[in-house]
Every structure is written in C-alpha cells, then in structure tokens.
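Inside the fold
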Amino acid sequence: MKTKIENLDNGEKKITVTLENSEFEKYHDKGFRKVQEFAEIDGFRKGNAPENLVVEKYGEMVVLEEMAHLVINDTYYPALIKENEDKKEEDKILPISNPKISITKIGKGSDFEYEATFAVLPKVETADYKKISKEESKKVLETELEELKKKDENAKLEDLKITTDKEVDEILENLRKARNVGSHIHEDGTVHNEGHEEGENLEKELEEETLPEFDDAFAQSFGDNFKTMEDLKNKIKENLALEKNAKLLDKQRNYILERLVNESKINLPEILVEDELEKMKATMKTDIERYGSTWDEYITHLNKTEEDLKKDWRETAEKRSKSQLILNDIAKKEKIEVSKDEIYAEALKILNQMPEANEDHVNSYVAQILLNEKVMKLLDSEMN
C-alpha cells in the first residue's frame, strides 16, 4: 500500500491510497460473498449462486465495488496512522470530519486507488494574547472613563467600579414608585402610572398619595433578608457594583477576543463554520419554540430561507469558530485543563433540569464552557 498526502487551500487535506492489483485481489473472495448474499439467481438460494452466474447477471463492477468498500474500510485509518508515525505531536494529522471518498482507479486486473478528502484541526498562530489583554483592557477603561467624565469631570478610574449613594437613591426611588398601585417600570428604569393620558399632574398626585415611606417596614417588604433600610441599601449597592464590574469585564473580554481573531492566523476549515451555523440555528429554533412559535413560521415572517439566514450569520459563525480555536490554543500553551469532577458537578445541574438531554453531549458542552472560562480568567489576570 502506498500513500500520499496533499494540503488543500481550504483547511483540508487529501490522502491518496494505492494498492497494487495483487493486494487488491486479496479482497476478491470476501467482496464476492457480500454480493452473493443479495444476488437473486433462478434455481439458487441467496448466498449459493456461483460467481459466473452472478457476474453474468449483475456485472463484474458490482464485485469490484464491494472489494473497494472493504479496502477503504481497512486502509483509511491505518494510512493516517502510517502518515503520523514519525511526526511530532504538533504536526500530526487530526481529521475533524468524515472523509469524502473518490475512487480514481478500479478494474479487473488493475491497481486500485482512491482519494480521501477531509478537514483537519487547523494550526493556530495565536497573536500575543498577554500583550493584547493588557492593551485592550487599558483601552476599554480609558474609553469608559472619558464617558464618565462627561457626567462628572472629576471622575477617576476607580469610579468605574464603585456605586455612588446617588445611584442607590435612584434605585430606591424607582422601587418605591413601583409599589404604587397601577404603576409600572419602563426599560430606562423610570416608573409611570397606567393612565398616561390623564396627565403628569394627576400621576404626581397619585404618587404623592400612595408612595410608601423609606423606613424599615419598606425594606422588610422585600424579604426576610432585609431587617432595616440599611440592609436594603447595602444589598442594592453590592448588586450595582457587581453589575458594573460584570459589564466592564464583559466589554474587555469582547475587545480582547475581537483583536485576537483579527490578528491570529488560522486557515479555517469550512466544516467548523458549518457546525457553528447549525448550532446557531438550533439555539434560535429552541428560543422560538419556547415562545410558542415554529421555525417555519419565523422564516416565513422574515421572508427568508434558511440559506439566507446562514449567509447573514456567516461572519459571526466564522468569528466564533476562530475564537474557540484560539481559546483552545491558549489552554494548550498554558496547560489549562478541566477536571472530571468539575465537569460532573456542572453537568449534573443541567441534567437535573433537562433529564432528556444526552449525557455525553452535556459533558462535552460543559467541558468546553469551563475551559473557556478558565482561559478568560487567565486573560483577565493579564489586564492588571
């Protein structure tokens, strides 16, 4: 058996496998028996017809094709193993897709040859992630501080992560207004009565009549954890600080990943993009069905086809695929791993909520999420 590997332009490889006729003929008897099992020849039970009659009815090629299937099954993976024998770990060929098989030479008395084309795990030349983490983190902080200074010219960097008494008071006021019968909170945090058309003066009068006092009883109305107004204020301050920090961290992480994707070198295989597009579609279908609609109704409403949507999503899918490859590469370089116990603990939570879910799929999903978070925490540490 001879093998030859070629690199293709789209993140794929092609392996050509050639068997001399003498090697190929060793599969003749087994190949013929496969054909013999389904051959229907008058006067003979299935599995007993002689070869000359089977070939006469079905043709020589049907036997050759069965021989070809057997050869491919027996030689494809051994051919890859042979190619990897003397390679370093980082240079080994790692298929990430099923092969597309093309028979290029077959015939009675002829050598046999086939080509197998497959996507491989691409080499990733990740940009300097430690440098980028520092630079992009600094850029986000400077931009956010500039925005804050438009409201308060004396604002300092540390103000981005702390909560002021004024912010707490605004939350408390909105909570108090929300206790007014018939009132509701808008997306911007403001509170209004149902009867907008009756005028602002009437609304103000109603609020003045019904708004509760800022006292311990008001705090206790939000649950047993709050005995005094001070308890409620502290909790609001704590939650606002957590929210501010989370938003800031999320923005920094997004900027870092965006730049890593732009500056890293990856020959992205199409199959990874297609897989990501399918994940995006599956997520959207689940969300749509959760709200009582169907996928067909949704795309009909948009006046688009699935292919149209995939074209719209392609850029995002490519970025997500590259981001994941980059995070995996950083994890490998930094020797970041996720333990079985960590995976089990998180997977158990999901399986308890979704007992019908495939356990292997959940474990794989959790392992990737936990690994990503560990890598992002490493990048977070480089920000300082």
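What comes next is a walk through the structure.

Some words on the overall build of the protein
Tallying secondary structure elements over the protein gives 14 helices and eight strands in all. Compactness check: the protein gives a C-alpha radius of gyration of 32 Å against a globular reference of 21 Å for 384 residues, more than 25% above the reference. Reported as C-alpha extents along the three principal axes, the dimensions of the protein are approximately 105 × 50 × 40 Å. The burial tally for the protein puts 33% of its 384 residues in the buried class. A fraction of 64% describes how many contacts in the protein between residues 6 or more apart in sequence connect residues 24 or more apart. As displayed, the protein has an accessible area near 25,000 Å², and 48% of this comes from carbon and sulfur atoms.

Digging into the side chain of Arg259
With respect to the element layout, Arg259 can be found in helix H9 (residues 229-263). For Arg259, the contacting residues outside a window of four places in its chain are Ile132, Glu135 and Glu136.

Here's the deal with unusual backbone geometry
In this structure, Asn303 is a non-glycine residue whose phi angle is positive, near 60°. By the element assignment, Asn303 lies in the loop between helix H11 (295-302) and helix H12 (306-333). In this structure Asn303 comes out as exposed when scored by relative accessible area, which is 70%. Backbone geometry places Lys335, a non-glycine residue, at a positive phi of 55°. By secondary structure assignment, the location of Lys335 is in the loop between H12 and helix H13 (340-353). What makes Lys335 exposed here is its relative accessible area of 71%.

What to know about the packing of aromatic side chains
Per the stated rule, a full pass over the model turns up eight aromatic pairs. Taken together, a centroid distance of 6.0 Å and an interplanar angle of 80° make the contact between Phe38 and Tyr58 edge-to-face. Placement of the pair is Phe38 in helix H2 (residues 28-38) and Tyr58 in helix H3 (residues 51-58), with a sequence separation of 20 residues. Among the residues examined, Phe38 registers a relative accessible area of 38% and is labelled partly exposed. Taking 4.8 Å as the distance between ring centres and 65° as the angle between the ring planes, the aromatic pair formed by Tyr76 and Tyr77 counts as edge-to-face. The class for Tyr76 is buried, based on a relative accessible area of 5%. When its relative accessible area of 52% is taken as the criterion, Tyr77 is described as exposed. Members of the aromatic cluster, joined through ring pairs, are Phe24, Phe112 and Tyr114.

Some details on the sheet that holds strand E3 (residues 100-105)
Where strands meet in a sheet, backbone hydrogen bonds hold them as pairs that are either parallel or antiparallel. Read across the open sheet, the four strands follow the order E1-E2-E4-E3; overall the sheet is antiparallel. Looking at the sheet topology across the chains shown, the edges are occupied by strand E1 (2-7) and E3. The average angle at which neighbouring strand axes cross in this sheet is 20°, direction not considered. Across the sheet, helix H4 (residues 60-84) is in contact with E1, strand E2 (12-19), E3 and strand E4 (112-119); its angle to E4 comes to roughly 60°.

Quick look at the pairing of E1
Note that E1 and E2 share six bridges and pair antiparallel. Within the sheet, the bridge partner assigned to Asn7 lies in E2 and is Lys13. A loop of four residues connects E1 with E2, the two strands running antiparallel in sequence, and Gly11 in this loop sits at a positive phi of about 75°.

Digging into the side chain of Lys13
You can see Lys13 is positioned in strand E2. It is Glu83 that comes nearest to the buried, bridge-free Lys13 among opposite-charge side chains, at 8.7 Å. Those residues in contact with Lys13, other than ones at most four positions away along the chain, are Ile5, Glu6, Asn7, Leu8, Ile93, Ala116, Thr117, Phe118 and Val120.

Observations concerning the pattern of salt bridges
Under the definition given, this model contains 34 salt bridges. Residue Lys374 is joined to Glu342 by a salt bridge in which the shortest nitrogen-to-oxygen separation is 3.1 Å. Of the two residues, Lys374 sits in helix H14 (residues 359-382) while Glu342 sits in helix H13, which places them 32 residues apart along the sequence. Judged by its relative accessible area of 29%, Lys374 falls in the partly exposed class. Shared partners join several salt bridges into a network, and the residues in it are Glu135, Glu136, Lys139, Arg259 and Glu263.

Let's talk about the nonpolar core
Of all hydrophobic cores here, the largest spans 38 residues; its most connected members are Leu260, Ile326, Ile330 and Leu379. Element by element, the count of residues in this core is highest for H12, at eight residues. The residues touching Leu260, leaving out its near neighbours within four places in the chain, are Thr126, Ala127, Tyr129, Ile132, Ile326, Ile330 and Leu379.

Thresholds applied
Residues numbered from 1 in each chain as written. Predicted model: local features only at pLDDT ≥ 70, side-chain atom pairs only at ≥ 80, totals over all residues. Heavy atoms only, no water. Helix = DSSP H or I, 4+ residues; strand = E, 2+ residues; numbered from the N terminus. Rg over C-alpha atoms; globule rule 2.2 N^0.38 Å. Buried < 20%, exposed > 50% of the residue type's maximum accessible area, 1.4 Å probe, protein only. Contact = heavy atoms within 4.5 Å. Areas by Shrake-Rupley, 256 points an atom, 1.4 Å probe, with all protein chains shown as cover. Phe/Tyr/Trp six-rings, centres within 6.5 Å; stacked < 30°, edge-to-face > 60°. Pairing = 2+ DSSP bridges. Axes fitted to C-alpha atoms, helices over the stretch in contact; angles between N-to-C directions. Lys, Arg positive; Asp, Glu negative; His and termini not counted. Salt bridge = Lys/Arg side-chain N within 4 Å of Asp/Glu carboxyl O. Core = buried A, V, L, I, M, F, W, Y, C linked by side-chain atoms within 4.5 Å.

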